[in-house]
Amino acid sequence: LAVVLLVGSALLIRTSMALAAVKPGFDAENVITMDMAINGPQFTQSAAVDQLLRTGVERLRGVPGVLMASAACCVPLEGGYGLPFRVMGRPLTDGPFHGGANWITVSPGYFELFKIPVLRGRTFTGRDDAASTPAVVINQAMARRYWPKGDPMSDTILIGKGVMPQLATENPRQIIGIVADIHGNGLDNDPAPTMYLPQAQVPDAINALNARLTPMKWLVRTRGNPMALSAAIQEQIRTVSGLPVTDVRTMDEVISKSTSRQRFNMLLMTVFGGAALFLAAIGIYGLMAYSVQQRTQEIGIRLALGAGTGNVRTMVVTQGMRLALIGVATGIAAAFGLTRLLATFLFGVKDKDPTVFTGVAILLTLVSLLAVWLPARRATRIDPVIALRYE
């Protein structure tokens, strides 16, 4: 049982370490995010929301200590929407679409605020409004999957048309840039193909749907601790919009929350594994100490007949370790079968990781050896005369 629990905790510890080593693809330092519900009738048009964001960003940039500001429908690591798309001019071979990707609306400055590298082309500016050519920025994962040998910058894509009535007015969008991948759906998920759209060019029907379902996320990068400027930032947003903000968090908190489940599982299994290890050591020690006590007279006779202390110690250790090694071997076999249940909780480590299984087996063997050695050492110090009188 100790082996099984220790293997589980070791796998989850390695998962936590692997998650901590993952680079999210964006810079979260000194970034604060807050939600604002914009489900009022005055925000059913994309132009009204875009104007609100432009005015709000301009006011936020005037707050001392604020470096950049932007807004988006979704915060990195917390997912987004998914929509299919067609590459215009490319023949369809399997269904009405060429593929699907995450669909995220952002305002200008989003990529610069998170320091997401631009690999090709450009990102959105204030000129990407309702009157300009419909534009879209895609990430590297999308370019790699759907243009393995082609050039996405020369293509236009039609997003979601025919899937839902709110996209009936959607027009083909020119791919104007390719940005580096970020972990949009959690650190334990590979970056998914993603399409970024400027808020000013979102169809009104989709904008109205978004306004009803999800709050707008304000994003602000500050020069120092962003929470120190939280009150001033909220005041500027309320002044511009007349609406309250909620769920004020730093992006560091968002990252921490995204790995909270793995950390809890690791802590739980570590506590159980440590308790099992402690109980196993105490149990082996108690069993061997009791065994030595029961065999006190036998050991005294052996010593009286000329058996060396080394021979007695070896006898006790061998008998104790035989039981311990049987337990370790049985535990390893059980762990091989049971760790399959942990597979969905693991990241960056296999459920049959040889390092974990070997390390746990060695650790339990060493603990068992220590627990057996102490009674064996005590057995060699038995006075044969006293042992022969023992009842």
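Residues numbered from 1 in each chain as written. Predicted model: local features only at pLDDT ≥ 70, side-chain atom pairs only at ≥ 80, totals over all residues. Heavy atoms only, no water.

> An account of the nonpolar core is requested, with residue identities and associated values reported.
Taken as a class, soluble globular proteins show a tendency for nonpolar side chains to be buried jointly. Counting 30 residues, the largest nonpolar core has Tyr-110, Phe-111, Phe-114 and Tyr-196 as its most contacted members. Of all the elements in the fold, those that place two or more residues in this core are α1 (2-21), β4 (99-106), α3 (110-113), β6 (135-139), β8 (173-179) and α7 (251-258). The residues touching Phe-111, leaving out its near neighbours within four places in the chain, are Val-106, Ile-116, Thr-123, Phe-124, Val-137, Val-179 and Tyr-196. Counting residues in hydrophobic clusters, the runner-up holds 25 residues, among them Val-3, Leu-277, Ala-335 and Leu-364. (Core = buried A, V, L, I, M, F, W, Y, C linked by side-chain atoms within 4.5 Å. Buried < 20%, exposed > 50% of the residue type's maximum accessible area, 1.4 Å probe, protein only. Helix = DSSP H or I, 4+ residues; strand = E, 2+ residues; numbered from the N terminus. Contact = heavy atoms within 4.5 Å.)

> Explain the environment of Pro-152 to me, and be specific about the residues and the numbers.
Looking at the secondary structure, you find Pro-152 in the loop between α4 (140-146) and β7 (156-159). For Pro-152, a relative accessible area of 4% corresponds to the buried category. Sequence separation of Pro-152 and Gly-177 is 25 residues, and the distance between their C-alpha atoms is 8.8 Å. When near neighbours in sequence (up to four residues on either side) are disregarded, Pro-152 contacts Ile-138, Ala-143, Trp-147, Ile-175 and Ile-178.

> Describe the pairing of β8, and please don't skip the residues or the numbers.
A regular strand places its side chains on the two faces of the sheet in alternate fashion. Burial analysis of β8 places six of its seven residues in the buried class, the great majority of the element. Bridge count between strand β5 (residues 118-121) and β8: three bridges; the pairing is antiparallel. Within β8, the position partnered with Gly-121 by the bridge is Gly-177. Pairing analysis gives five bridges linking β6 to β8, with the strands arranged parallel. By the bridge assignment, Val-136 is partnered in β8 with Ile-175. Sheet topology note: the β7/β8 ladder contains two bridges and is antiparallel. Counterpart to Ile-157 in the pairing with β8 is Arg-173. (Pairing = 2+ DSSP bridges.)

> Residue-level account of the side chain of His-183, with values.
Its place among the elements puts His-183 in the loop between β8 and β9 (194-198). Every residue in contact with His-183, bar those within four places of it in the chain, is listed here: Val-22, Lys-23, Pro-24, Pro-76, Leu-77, Asn-189 and Pro-191.

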